[in-house]
Amino acid sequence: MKIKFLGAAGHVTGSMYLVETETLKFLIDCGQFQGTLEEEQLNYKNWEFEASHLDFIILTHAHVDHSGRIPLLVKKGFNGKIYCTYPTMQLADILLRDSGKIHEAETDWENKKRERAGLDKVSPLFTEDDAIDAIQYLYPLDYHQNISVSNHFSFELVNAGHLLGSASVIITFSENGESKKLVFSGDLGNSTNFLQENPEKITAANYLVMESTYGNRLHQDIETRTDKLVDIIVDAYKDGGTVIIPSFAVGRTQEIIFELNHYIRTHETEKSEILDRIPIYVDSPLALDATSIYSHNSQYMSELIKSYGESPFKLKNLHLVNSNEASIALNRDSSPKVIISASGMCEAGRVKHHLKHNLWKSSTHVIFIGYQAEETLGRAIKDGAKKVRILDEDIAIKAHIHAISGFSGHADMNHLLEWAKSIEGLEKIFITHGEEDASHFFKEKLSEIKSCDIEIPNLNDCFEIL
């Protein structure tokens, strides 16, 4: 068996692994590179395999950095099954459609500039119609459902605790009469998420491909991060300011809504009273669709979520913004409020308009609650830029900028180490999904508890494991 690292190797995003046996050729994930211009250009490079020759895909979860090149793969001839969990199928449906719309809009914008400059037009990576074509190949499975692809190859999905429906993949295969297990961690949850159950422990494997996004960092605990979030909102309210939370529409937005709901229900203080009356706006069509999916899939979530019945994401002061007109109106309203809007890295969507209209105000508070890739607008603001360019206009930054790391859906260093520690029989570990410092630091820590060979692959590296 051979594994070729076609994404998330030397990069945080672009998850894609080509696996070949004597009789099968398939992908684990088919994600989009996100971040720097150089990274995003990788999405347009030709693959060294024929899409039509792939037998199937196993999708660990719906986030675009794991699923975002599936429409391109289908457009190039893939027509096999894309195995995933039921919630992943539902979330991938809305995420891929939305991504197609974004590619079309960004390409239209770029082509207008190219036309004025006398340059040739470019095509989008894929369109919304391409996404709709691809969605039909999603093939949902239950956790722990064993799929026998052949007499020598089977796999199952187990809960990774990262996102609704996220999974680790356990592959059992045999070559030359020898049986082995290969595990792909997928993105692992951090065991401090109110929404998800803890990542499921895996007790035995021979080979492991493991993420390291937060391999050199520790998160704040739930109580600390929630208190910090509440304090910022209350301070902004008292100052008459607006709070803007750039948030990933799927997962993070639902987590924020629930934690505010849970805080109000479990505290009787001045802060909870303020939270109970300050208007909170969710301004992202994608987030609204995702929240509906979350509300109908509580059986896949934590016991705490289940205890809330039909109301985990309902607040009396929560307003769902359904139109562009209503979104624009928010920036004409000077009263205190909280705006939760996508995208999480501020690279697209309505949040760019809210930042444009509010970053220059000293009464504004911006809260970053997730990873900000290099060369993104979110990273520039978070790192202390004094001025940024948004929608072709230079905007001075006078707002208060905050970062709360504990809301990450990824396991931190200690959670990653604890999860890996339970796996016995490892012969080789491949570390992926991390910036260089994070991956190398995590390798050092992992080598203290595992005596096997540990590799940090580069993009396009290929390894034969049996």
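Throughout what follows, the structure given in this document is the object of discussion. (Residues numbered from 1 in each chain as written. Predicted model: local features only at pLDDT ≥ 70, side-chain atom pairs only at ≥ 80, totals over all residues. Heavy atoms only, no water.)

### Notes on the overall build of the protein
Looking only at helices and strands, the protein features 15 helices and 22 strands. Against the globule reference of 23 Å for 466 residues, the protein gives a C-alpha radius of gyration of 22 Å, in line with a compact fold. In terms of its C-alpha atoms, the protein occupies a principal-axis envelope of roughly 70 × 60 × 40 Å. The burial tally for the protein puts 57% of its 466 residues in the buried class. Taking the contacts inside the protein whose residues are at least 6 apart along the sequence as the reference set, 75% of them involve residues at least 24 apart. When the accessible surface of the protein is split by element, carbon and sulfur atoms take 45% of a total near 19500 Å². (Helix = DSSP H or I, 4+ residues; strand = E, 2+ residues; numbered from the N terminus. Rg over C-alpha atoms; globule rule 2.2 N^0.38 Å. Buried < 20%, exposed > 50% of the residue type's maximum accessible area, 1.4 Å probe, protein only. Contact = heavy atoms within 4.5 Å. Areas by Shrake-Rupley, 256 points an atom, 1.4 Å probe, with all protein chains shown as cover.)

### A closer look at the nonpolar core
Residues Leu73, Leu91, Ile171, Leu182 and Phe184 are the most contacted members of the largest nonpolar core, which totals 107 residues. Core analysis: the second largest hydrophobic core is formed by 23 residues, Leu208, Leu417, Ala420 and Ile423 among them. (Core = buried A, V, L, I, M, F, W, Y, C linked by side-chain atoms within 4.5 Å.)

### Focus: the sheet that holds strand E21 (residues 453–455)
Within the open sheet, the 7 strands sit side by side as E7-E8-E9-E10-E11-E20-E21. Their pairing is mixed. Single-partner strands in this sheet number two, and they are strand E7 (147–150) and E21. The average undirected angle you get between the axes of adjacent strands in this sheet is 20 degrees. The pairing of strand E10 (residues 178–184) with strand E11 (residues 207–211) spans 3 bridges and is classified as parallel. (Pairing = 2+ DSSP bridges. Axes fitted to C-alpha atoms, helices over the stretch in contact; angles between N-to-C directions.)

### Let's talk about the packing of aromatic side chains
Evaluation of the coordinates by the stated rule reveals 18 aromatic pairs. Pairing tyrosine 83 with tyrosine 139 gives two aromatic rings, centres 5.5 Å apart and planes at 85 degrees, and the pair type is edge-to-face. Linking tyrosine 83 in strand E5 (residues 81–85) with tyrosine 139 in strand E6 (residues 138–141), this pair joins segments that are 56 residues apart in sequence. Classification of tyrosine 83 as buried rests on a relative accessible area of 8%. Judged by centre distance (5.8 Å) and plane angle (75 degrees), the rings of phenylalanine 194 and phenylalanine 258 are edge-to-face. (Phe/Tyr/Trp six-rings, centres within 6.5 Å; stacked < 30°, edge-to-face > 60°.)

### Description of the packing of helix H4 (residues 86–116) against helix H5 (residues 128–135)
In the contact formed by H4 and H5, the axes pass within 7 Å of each other and the chain directions differ by 155 degrees. Regarding the angle of H4 to H5, the classification is roughly antiparallel. In the packing of H4 onto H5, the handedness of the crossing is right-handed. Along the contact surface, H4 presents Asp93, Leu96, Arg97, Gly100, Lys101 and Glu104, while H5 presents Glu128, Ala131, Ile132 and Ile135. By residue class, the composition of the contact of H4 with H5 is 4 nonpolar, 1 polar and 5 charged. (Parallel < 35°, antiparallel > 145°, perpendicular 65-115°, else oblique. Left-handed = near helix turned anticlockwise from the far one by under 90°. Nonpolar A, V, L, I, M, F, W, Y, C, P; charged D, E, K, R; others polar.)

### So, the pattern of salt bridges
When the charged atoms of two side chains with opposite charge come close together, those side chains can pair. For the structure on display, the rule yields 22 salt bridges. In this structure, the salt-bridge partner of lysine 75 is aspartate 130, at a minimum N-O distance of 3.4 Å. With lysine 75 in helix H3 (residues 70–75) and aspartate 130 in helix H5, the pair connects residues that are 55 residues apart, well separated along the chain. (Salt bridge = Lys/Arg side-chain N within 4 Å of Asp/Glu carboxyl O.)

### Section: the state of the cysteines
This model, assessed by the stated rule, comprises 0 disulfides. No disulfide involves cysteine 84; its sulfur sits 13 Å from that of cysteine 30, the nearest cysteine. On the basis of relative accessibility, which here comes to 0%, the residue cysteine 84 falls in the buried class. (Disulfide = S-S within 2.5 Å.)

### A short note on the sheet that holds strand E19 (residues 400–403)
The 6 strands are arranged E14-E13-E15-E12-E16-E19 in an open sheet whose pairing can be described as parallel. Pairing within the sheet leaves two strands with one partner each, and these edge strands are strand E14 (318–320) and E19. Strand-to-strand twist of the sheet, defined as the mean angle between neighbouring strand axes without regard to direction, takes the value 20 degrees. Sheet contacts for helix H7 (residues 252–266): strand E12 (242–246), strand E13 (280–283), E14 and strand E15 (337–341); angle to E13, the most-contacted strand, approximately 165 degrees. Its contacts with the sheet place helix H12 (residues 351–358) against E12, E13, E15 and strand E16 (365–368), and it is angled at close to 145 degrees to E12.

### Here we look at the pairing of strand E8 (residues 153–159)
Of all 7 residues in E8, 6 are buried, a share of seventy percent or more. Pairing between E7 and E8: 3 bridges, direction antiparallel. Bridged to serine 148 within E8 is serine 154. What sits between E7 and E8 in their antiparallel hairpin is a turn of 2 residues. The pairing of E8 with strand E9 (residues 167–175) spans 7 bridges and is classified as antiparallel. In the sheet register, valine 158 faces E9, and the bridge partner there is serine 168.

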